[in-house]
Each structure stands twice: as C-alpha cells, then as structure tokens.
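Each chain is listed here by its residues.
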Amino acid sequence: MSASTILLTKSQGIATLTFNRPEKLNALNQEMTGELRHALDDISQDASVRVLILTGQGRAFMAGADVKTFLGASPFAARRFVQRAHDFLFRLEALPIPVIAAVNGFALGAGFEIALAGDFIYAAQEAKLGLPEITLGIIPGAGGTQRLTRLVGKSLAKEIIMTGRLLDAAEAQGAGIVAQVFPEDKLLMETLKTAQVLAQKGRVALHFAKQAVDRGAEVDLQSGCALEVDLFALCFASPDPQEGVKAFLEKRPPVFQGEPA
Ligand code: COA
C-alpha cells in the first residue's frame, strides 16, 4: 500500500504495518491517523491476512501523538482527536486475527497505547515504554489509563502515569507488559517466527481465544467461564476441531480451513 507515513506489506498471510515518520520518531499526526484507518480497512477486508505485526521505522516504535496537534487546541478539537484514536484502537483490538506489537525503540504515549491494544508485545532490549503525557500537562487519552491499569493494576499504572517515567524492556517484561525481549537486530525475525506459527493455527480458534480473554477479562469469573463454554462449543461450528484431532492421530500437521463468520 502506498502511503507516506506508514508502510504496509503482506507476505504469506502476515501483514506488517510500519510507522514511518522516523525523523519525528514516528509521532502520530493527522495524516498518519488517516492512513492508519485506511490500512486497517484494508487488513480487515483481506481474508488472506492471518496475523498483523506493528512496528516502527528507525529508533522509535512511536514517540506518541505529534505534540504540535495540541498547540492552541480547543477542548472540542482535543476531544475529537482522542475520540478518533479510541475508535481506531477499538477496531484494532477487535480484529479477529492476532496482532503483535514489535516495539523496536520508544513506545510513548499513543505509541504505547497502540501497542497495548494489540494482543501481545515483543520488545527490543533497548526499547523504552511509557506514558509521559503528564509532563505536557495532559493525561493519556487513547486508552492508556484504562488498558495499562487492566494489565498491571492500579498501583503501578498510577505510578507510571503520574510520574511519566519510562520503563525499559526488562522492567516492562517483569511487569507483564512485554511478553518477550530480544536483541534489537533479532526483534523482527523473532516476531516473524511467532507470526508464522500463528498463521498455521486455525483462524476460528484464534479468534475465539482472543475474544474469550479480552471479553472475559472485563466480567466476573462466572460470566467469563460461561463465555468460554459458549466459545468452546462454537469452535465445533467449523471443521477445524475434526481436522486438528485427526491430524494428531495421523501424526501429521493439521491444515485448518475454518473461517470466522
Ligand atoms: N511529537 C512531535 N515530535 C516529536 C515527538 C512527538 N511526540 N517525539 C519526538 N519528536 C521529534 C522531536 O521534536 C525531534 O524533531 P526535530 O529533530 O525536528 O527537533 C525528533 O522527533 C527527534 O526527537 P528528539 O527529542 O531530538 O530525540 P531524543 O532522542 O533527544 O529524545 C524522546 C527522544 C522520545 C525522549 C523525546 O523525543 C520525547 O520526549 N518526545 C516526546 C514524547 C512525548 O511526550 N510523547 C507523548 C505525546 S502526547
């Protein structure tokens, strides 16, 4: 896809979306917001895409919203900006495919918030993650106060948000924010390896696993387990469980062909 602030490539069922304003550490401006929306339309309509990788060009994943957006902004303009960001992130989060954020450098503000809306984060050893909005006299506005809190609990989330300090990859992994850490030159290759593993799994089971975790995390245990029971049963609406079990018994790799509705 040709766009100036992002790059979208697809190969063997894996789409890679790269934030591409390296001279501004990939800061999110209006143009990039529009291009990201189009890229998401493209990805969600392309049934050949089985996994999405998000990453950044240069030394940042994304160093947040472009701070110039806020100069002279009225409360209404500020509201529109963050509401659009939320709309985008809810759509990203609801994609039926796995989304891996490969955090290659700074993931700050909106950059961190985008990574948090994916399914899991892989980070380079040198990566720095944080929500430094407080330093600008504002608060995170694209889900940071909510998604980070749900992930690490109120105490650490408030400490990170209220101080605006940056976490290195090791601390972020220890806090359960980052799933795995790699040397910078191995990050994309390792992310691709995981994406290739995921691309071989059944789309239906992946979609339901994602829904069970995401929706289940928002409700009480009984309701979450009831949701799991229903989604488990719904897996049998596709041919994949038969194929998976047969392939196991026949000692061959499964070929999953079920499609989420
Ligand atoms: N918005 C707009 N421009 C940004 C930016 C942002 N969020 N983050 C970085 N940039 C720009 C810088 O202004 C600079 O541009 P210039 O070369 O035209 O002056 C360029 O990217 C490189 O950044 P620089 O600050 O020189 O790099 P650094 O290595 O010294 O510092 C950071 C890196 C990430 C610590 C620093 O850029 C920073 O604090 N950025 C702002 C982070 C932030 O507050 N994000 C939340 C916004 S809501």
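Please refer to the structure higher up on the page.
Residues numbered from 1 in each chain as written. Predicted model: local features only at pLDDT ≥ 70, side-chain atom pairs only at ≥ 80, totals over all residues. Heavy atoms only, no water.

Visitor: In this structure, what is going on with unusual backbone geometry? I would like to understand it.
Guide: A negative phi holds for most residues other than glycine; trans holds for most peptide bonds. Look at Gln12: it is not a glycine, yet its phi comes out positive at around 50°. We note that Lys251 has phi near 55°; this positive angle belongs to a residue other than glycine. The residue Lys251 is located in the segment after α10 (240–249) in this model. (Helix = DSSP H or I, 4+ residues; strand = E, 2+ residues; numbered from the N terminus.)

Visitor: Explanation requested: the site of the ligand in the structure shown.
Guide: The environment of the ligand is formed by 15 residues, the closest being Lys24, Arg59, Ala63, Ala65 and Val67. In the model, an oxygen atom of the ligand is placed 2.9 Å from a nitrogen or oxygen of the Arg59 side chain. Here Val67 contributes a backbone N or O atom positioned 3.0 Å from a nitrogen atom of the ligand. Along the lines of polarity and charge, the residues of the shell around the ligand split into 10 nonpolar, no polar and 5 charged. (Near = heavy atom within 4 Å. Polar contact = N/O pair within 3.5 Å; in protein donor to acceptor, adjacent residues only side chain to side chain. Nonpolar A, V, L, I, M, F, W, Y, C, P; charged D, E, K, R; others polar.)

Visitor: What is the right way to read a nonpolar patch on the surface from this model?
Guide: A cluster of nonpolar side chains, contributed by Val67, Phe70, Leu136 and Ile138, occupies part of the molecular surface with about 320 Å² of accessible area. Its place among the elements puts Leu136 in the loop between β8 (128–130) and α4 (144–152). (Patch = residues over 30% accessible without salt bridge, like charges linked within 9 Å, V, L, I, M, F, W, Y side chains within 5 Å. Areas by Shrake-Rupley, 256 points an atom, 1.4 Å probe, with all protein chains shown as cover. Salt bridge = Lys/Arg side-chain N within 4 Å of Asp/Glu carboxyl O.)

Visitor: How do you make sense of the nonpolar core when you look at a structure like this?
Guide: One recurring pattern in soluble globular proteins is that nonpolar side chains are buried together. Formed by 48 residues in total, the largest nonpolar core has its most connected members in Leu17, Leu52, Leu92, Val103 and Ile177. Among the elements that line this core, the one with the most residues is helix α3 (residues 110–117), at 6 residues. Counting residues in each nonpolar core, the second largest holds 13 residues, with Ile100, Tyr122, Ala124 and Leu187 among its members. (Core = buried A, V, L, I, M, F, W, Y, C linked by side-chain atoms within 4.5 Å. Buried < 20%, exposed > 50% of the residue type's maximum accessible area, 1.4 Å probe, protein only.)

Visitor: Whenever I open this one, the pairing of strand β3 (residues 51–56) confuses me. Can you help?
Guide: A regular strand carries its side chains on alternate faces of the sheet. The element β3 is extensively covered by neighbouring structure, given that 6 of its 6 residues are classed as buried. Of the two faces of β3, the one holding Val51, Ile53 and Thr55 and the one holding Leu52, Leu54 and Gly56 are both buried throughout. Where strand β2 (residues 14–19) meets β3, 6 bridges bridge the pair, whose relative direction is parallel. By the bridge assignment for β3, Ile14 is matched with Val51. One crossover worth recording links β2 to the parallel β3 by way of helix α1 (residues 30–45), and it is right-handed. The pairing of β3 with strand β5 (residues 99–103) spans 3 bridges and is classified as parallel. Following the sheet pairing, Leu54 is matched in β5 by Ala101. (Pairing = 2+ DSSP bridges. Right-handed = clockwise from strand over helix to strand, strands pointing away.)

Visitor: Which parts of the structure should I look at to understand the layout of surface pockets?
Guide: Space left empty within the atom packing is revealed by a probe, the size of a water molecule, rolled over the atoms. In this structure, the largest pocket encloses a volume near 940 Å³. Taken together, 33 residues form the lining of the largest pocket, with Glu93, Leu116, Gly118, Asp119 and Asp214 sitting closest to its centre. The biggest single contributor to the lining of the largest pocket is helix α8 (residues 203–216), with 8 residues. Among the residues forming the lining of the largest pocket, the class breakdown is 18 nonpolar, 7 polar and 8 charged. Looking at the second largest pocket, its volume works out to about 420 Å³. Considering the residues around the second largest pocket, the lining is formed by 23 residues, among which Ala65, Phe70, Glu133, Leu136 and Ile138 are closest to the centre. (1 Å grid on protein atoms, 1.4 Å probe; cavity = no way out; pocket = protein on both sides within 12 Å on 5 of 7 lines; lining within 4 Å. Points joined across faces, edges and corners; volume = space filled by probe spheres on them.)

Visitor: Mind showing me how you'd approach the packing of helix α2 (residues 75–93) against α3 here?
Guide: The relative placement of two packed helices is expressed as an angle between their axes plus a distance between the axes. One can describe the packing of α2 onto α3 by two numbers: an axis separation of 9 Å at closest approach and a directional angle of 30°. Accordingly, the angle class assigned to the pair α2 and α3 is roughly parallel. The segment α2 lies against α3, with Leu89, Leu92 and Glu93 engaging Glu113, Ile114 and Ala117. Residue classes in the contact of α2 with α3 are distributed as 4 nonpolar, no polar and 2 charged. (Axes fitted to C-alpha atoms, helices over the stretch in contact; angles between N-to-C directions. Parallel < 35°, antiparallel > 145°, perpendicular 65-115°, else oblique. Contact = heavy atoms within 4.5 Å.)

Visitor: Teacher, can you tell me more about the pattern of salt bridges here?
Guide: A side chain with one charge can pair with a side chain of the opposite charge if their charged atoms come near. With the rule as written, the count across this model stands at 13 salt bridges. Across the pair Glu243 and Arg252 runs a salt bridge, and its minimum N-O distance is 2.8 Å. Classification of Arg252 by relative accessible area gives partly exposed; the value is 30%. The network of salt bridges with shared partners includes Lys10, Asp42 and Asp46.

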